[in-house]
Amino acid sequence: MTESEETKKKIENRLKRSEGQIRGVLKMLDEDKSCREVVTQLSAIRSSIDRAIGVIVAENLKECLAMEDISDDEKTEKIQEAIALVVKK
């Protein structure tokens, strides 16, 4: 398995876990669980998705920077684009 296939598998697993957590939150709502419990689970889901985003952006950026046929200016632009994807203003 190549590094990108491994990364894809890790991301898929993380998102499937998040999907299960979302189903769990929906069940919690049906069971009238406390606000604190629901928000705690939603925060965990958000954190997991944020990590998936970070992995996707980082891997894409690594691939872009490894390309030898793009200029330093283009590499700088790619870095700025990656930062803009991760850091919301």
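Whatever comes next refers back to the structure up there.
As the structure is a computational prediction, the values presented were derived from the model and not from experiment.

## Let's talk about helix α2 (residues 35-66)
Okay, so step 1: If you check α2, its first and last C-alpha atoms are 46 Å apart, about what 32 residues at 1.5 Å a residue would give, namely 46 Å.
Okay, so step 2: Listing the buried residues of α2 in full gives Val38, Ile45, Ser48, Ala52, Val57, Glu59, Leu61 and Cys64.

## Here's the deal with unusual backbone geometry
Okay, so step 1: The backbone of Asp32 shows a phi angle near 55°, a positive value even though the residue is not glycine.
Okay, so step 2: Checked against the element boundaries, Asp32 lands in the loop between α1 (3-30) and α2.

## Here's the deal with the packing of α2 against helix α3 (residues 72-86)
Okay, so step 1: At their nearest, the axes of α2 and α3 sit 10 Å apart, and the two run at 175° to each other. One way to sum up the angle between α2 and α3 is to call them roughly antiparallel. Between α2 and α3, the contacting residues are Val57, Leu61, Cys64 and Leu65 on the first element and Lys75, Lys78, Ile79, Ala82, Leu85 and Val86 on the second.
Okay, so step 2: Residues that form the contact of α2 with α3 fall into these classes: 8 nonpolar, no polar and 2 charged.

## Describing the environment of Gly54
Okay, so step 1: If you trace the backbone, Gly54 turns up in helix α2.
Okay, so step 2: C-alpha separation for the pair Gly54 and Leu85, spaced 31 residues apart in sequence, amounts to 9.1 Å.

## Notes on a nonpolar patch on the surface
Okay, so step 1: A cluster of nonpolar side chains, contributed by Leu15, Ile49, Ile53, Leu65, Ile79, Ile83, Leu85, Val86 and Val87, occupies part of the molecular surface with about 700 Å² of accessible area.
Okay, so step 2: For the nonpolar patch, the secondary-structure elements that each account for two or more residues are α2 and α3.
Okay, so step 3: No other element matches α3, which puts 4 residues into the nonpolar patch.
Okay, so step 4: By secondary structure assignment, the location of Val86 is in helix α3.

## Overview of the side chain of Arg14
Okay, so step 1: Topologically, Arg14 is positioned in helix α1.
Okay, so step 2: There is no salt bridge for the buried Arg14, and the closest opposite charge comes from Asp50, which lies 11 Å off by N-O distance.
Okay, so step 3: Setting aside residues no more than four positions away along its own chain, Arg14 makes contact with Ser48, Arg51 and Ala52.

## Considering the pattern of salt bridges
Okay, so step 1: If you walk through the whole model with that rule in mind, you get 2 salt bridges.
Okay, so step 2: Between Lys27 and Glu31 there is a salt bridge, and its shortest N-O distance comes to 3.9 Å.
Okay, so step 3: When its relative accessible area of 52% is taken as the criterion, Lys27 is described as exposed.
Okay, so step 4: Note that Glu59 is salt-bridged to Lys62, the shortest N-O span being 3.3 Å. Pair noted here: Glu59 and Lys62 are both in helix α2, with a separation of 3 residues, about one helical turn.
Okay, so step 5: Lys62 sits in the partly exposed class, given a relative accessible area of 45%.

Calculation criteria
Residues numbered from 1 in each chain as written. Predicted model: local features only at pLDDT ≥ 70, side-chain atom pairs only at ≥ 80, totals over all residues. Heavy atoms only, no water. Helix = DSSP H or I, 4+ residues; strand = E, 2+ residues; numbered from the N terminus. Expected span 1.5 Å × (residues − 1). Buried < 20%, exposed > 50% of the residue type's maximum accessible area, 1.4 Å probe, protein only. Axes fitted to C-alpha atoms, helices over the stretch in contact; angles between N-to-C directions. Parallel < 35°, antiparallel > 145°, perpendicular 65-115°, else oblique. Contact = heavy atoms within 4.5 Å. Nonpolar A, V, L, I, M, F, W, Y, C, P; charged D, E, K, R; others polar. Patch = residues over 30% accessible without salt bridge, like charges linked within 9 Å, V, L, I, M, F, W, Y side chains within 5 Å. Areas by Shrake-Rupley, 256 points an atom, 1.4 Å probe, with all protein chains shown as cover. Salt bridge = Lys/Arg side-chain N within 4 Å of Asp/Glu carboxyl O. Lys, Arg positive; Asp, Glu negative; His and termini not counted.

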